[in-house]
Each structure stands twice: as C-alpha cells, then as structure tokens.
Amino acid sequence: MVNLKTKRRNPSITTSSMSDIGFLLLIFIMLISLMNQRYEEKINYPESSIVERTQADSNFEIWIQKDGVISANGIQHNSLSLERAIVTAVAENPNVRIHIIADKDTPYKYINSVVEVLQLLQHRVVSFVIDEAGQK
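Predicted model only: the values in this text are computed from it and were never measured. Chains are numbered independently. Their residues run from 1 in the order of the written sequence. Only residues with pLDDT of 70 or above have their local features reported here, since the model is predicted, and side-chain atom pairs are shown and tallied only from 80 upward, although totals for entire chains, interfaces and linings are computed over all residues. Here the side-chain values reflect all heavy atoms present in the structure, with hydrogen atoms and water set aside.

Describing the overall build of the chain
Step number 1: By the criteria applied, helices consist of DSSP H or I runs no shorter than four residues and strands consist of E runs no shorter than two, each listed in order from the N terminus. Helices and strands together make up the secondary structure of the chain, namely 3 helices and 5 strands.
Step number 2: Scanning the chain from its N terminus toward the C terminus, one meets helices and strands in the order α-β-β-β-α-β-α-β.
Step number 3: Buried positions account for 24% of the 136 residues belonging to the chain.
Step number 4: Any pair of residues with heavy atoms lying within 4.5 Å of one another is described as a contacting pair. For the chain, contacts bridging at least 24 residues in sequence account for 74% of all contacts bridging at least 6.
Step number 5: All accessible-area figures derive from a Shrake-Rupley calculation using a 1.4 Å probe, and residue coverage is judged against the displayed protein chains alone. When the accessible surface of the chain is totalled, it reaches about 10900 Å², and 54% of it is carbon and sulfur. Any residue under 20% of the maximum accessible area for its type is buried, any over 50% is exposed, and the rest in between are partly exposed; the area is computed with a 1.4 Å probe on protein chains only.

A word on the side chain of His 77
Step number 1: Among the secondary structure elements, His 77 is positioned in strand 3 (residues 75–77).
Step number 2: There is a polar contact of 3.4 Å between the side chain of His 77 and the backbone oxygen of Ile 75.
Step number 3: Whenever a nitrogen or oxygen atom comes within 3.5 Å of another N or O atom, the pair is scored as a polar contact, on the condition that within protein one atom can donate a hydrogen and the other can accept it, and that pairs from neighbouring residues in sequence are kept only if both atoms are in side chains. At 3.1 Å, the side chain of His 77 and the side chain of Ser 81 are in polar contact.
Step number 4: When sequence neighbours within four positions are dropped, the list of residues in contact with His 77 reads Ile 70, Ser 71, Ala 72, Leu 82 and Ala 85.

A look at the nonpolar core
Step number 1: Grouped together as the largest cluster of nonpolar side chains are 18 residues, with contacts concentrated most on Phe 60, Ile 62, Ile 64, Ile 86 and Val 114.
Step number 2: For this core, the secondary-structure elements that each account for two or more residues are strand 1 (59–64), strand 2 (70–72), helix 2 (79–92), strand 4 (97–102) and helix 3 (108–120).
Step number 3: A per-element tally of this core places helix 3 first, with 5 residues.
Step number 4: Setting aside anything within four residues of it in sequence, one finds Val 114 in contact with Ile 62, Ile 64, Ile 70, Leu 82 and Ile 100. Only buried residues count toward a nonpolar core. Its members are Ala, Val, Leu, Ile, Met, Phe, Trp, Tyr and Cys residues joined through side-chain atoms within 4.5 Å.

Observations concerning helix 2
Step number 1: Here, expected helix span is obtained from the residue count minus one, scaled by 1.5 Å. The end-to-end C-alpha separation of helix 2 is 20 Å, in line with the 20 Å expected for 14 residues at 1.5 Å each.
Step number 2: Along helix 2, the positions that sit buried rather than exposed are Leu 82, Ala 85, Ile 86 and Ala 89. Down the axis of helix 2, the buried side of the element spans an arc of 100 degrees, and every buried residue falls inside it. Away from its buried face, by an angle of more than 90 degrees, helix 2 presents the exposed residues Arg 84 and Ala 91.
Step number 3: Buried-residue contacts for helix 2 involve strand 1, strand 2, strand 3, strand 4 and helix 3.
Step number 4: Measuring from the side-chain oxygen of the N-cap residue of helix 2 to the backbone nitrogen of Leu 80 gives 3.1 Å; that N-cap residue is Asn 78. In this description, one arc is meant: the one made by directions from the helix axis to the C-beta atoms.

Examining helix 3
Step number 1: Under the 1.5 Å per step criterion, the end-to-end length of helix 3 is 18 Å for 13 residues, consistent within 8% with the ideal 18 Å.
Step number 2: Next to the buried residues of helix 3 lie strand 1, strand 2, helix 2, strand 4 and strand 5 (126–128).
Step number 3: With its phi angle positive at about 55 degrees, Gln 122 sits one or two positions after the end of helix 3.

Now the structure itself:
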C-alpha cells in the first residue's frame, strides 16, 4: 500500500502581475480618451431664431474660418480634398449628417464653395451650425 500523504498548502494569489495589469489599463484608458476628443475651430457662431438638435455621433463637421480656410477632422482642405473626405465619410456611414460650421463674419463666397461641393455630390442632408446661446 502506498502512502499518499501530502501537505496542504494555504492558497495564495500572486500579486506580482497586478501592477502590470494596472499599468496596461491606465494606458488603454488614456488612449481611448484621446480618441474621443472633438476637433473645433475658434469661431464666432452665427445666430438663428430656429434651432434643431442633432446627434453629434454621426456628424461630419466642415469648419470655415473668416479667411476662407476650410477644415474637416482637423485637416485643412481645398475643394478636391474636401470632396474626397465627404465621399469617404458617407461611404463609412451612409447616415452621416454634414454640418457646416462657419464664423458669422465669413464671406458667403467661402460658404458657397463648400455648398457647391455638396451639390456636386448630391448630398441633401446638410445643417448650418449656430451657437444656441446666441439664439434670441
């Protein structure tokens, strides 16, 4: 007969890898928080008497500054590159809403150049963004 007596050990949890897991979670949270930042230009918003709220999740924002600089997603565009960016955004999400955000002192010719690109692409869902605080 074989004697199979074994000593019982107290169970223990190794904590040496806990610091590694905590560090990886910290890096993950920092990266995710950087991805969710919204790009904005510093402009004076125009005013309006009618306001409609839209969901910010599915918007493609086109920013137009006073001097005619057009940007989207933090990248400056000319008409051709803006057209490509809009086509890419619509291809990725067909329900995307185009938002034109322009300074209230922006000459109309710059806004019209963006509207002409949207007309060329036959994109029909376009919103002009205003500052709700400036609403009368």
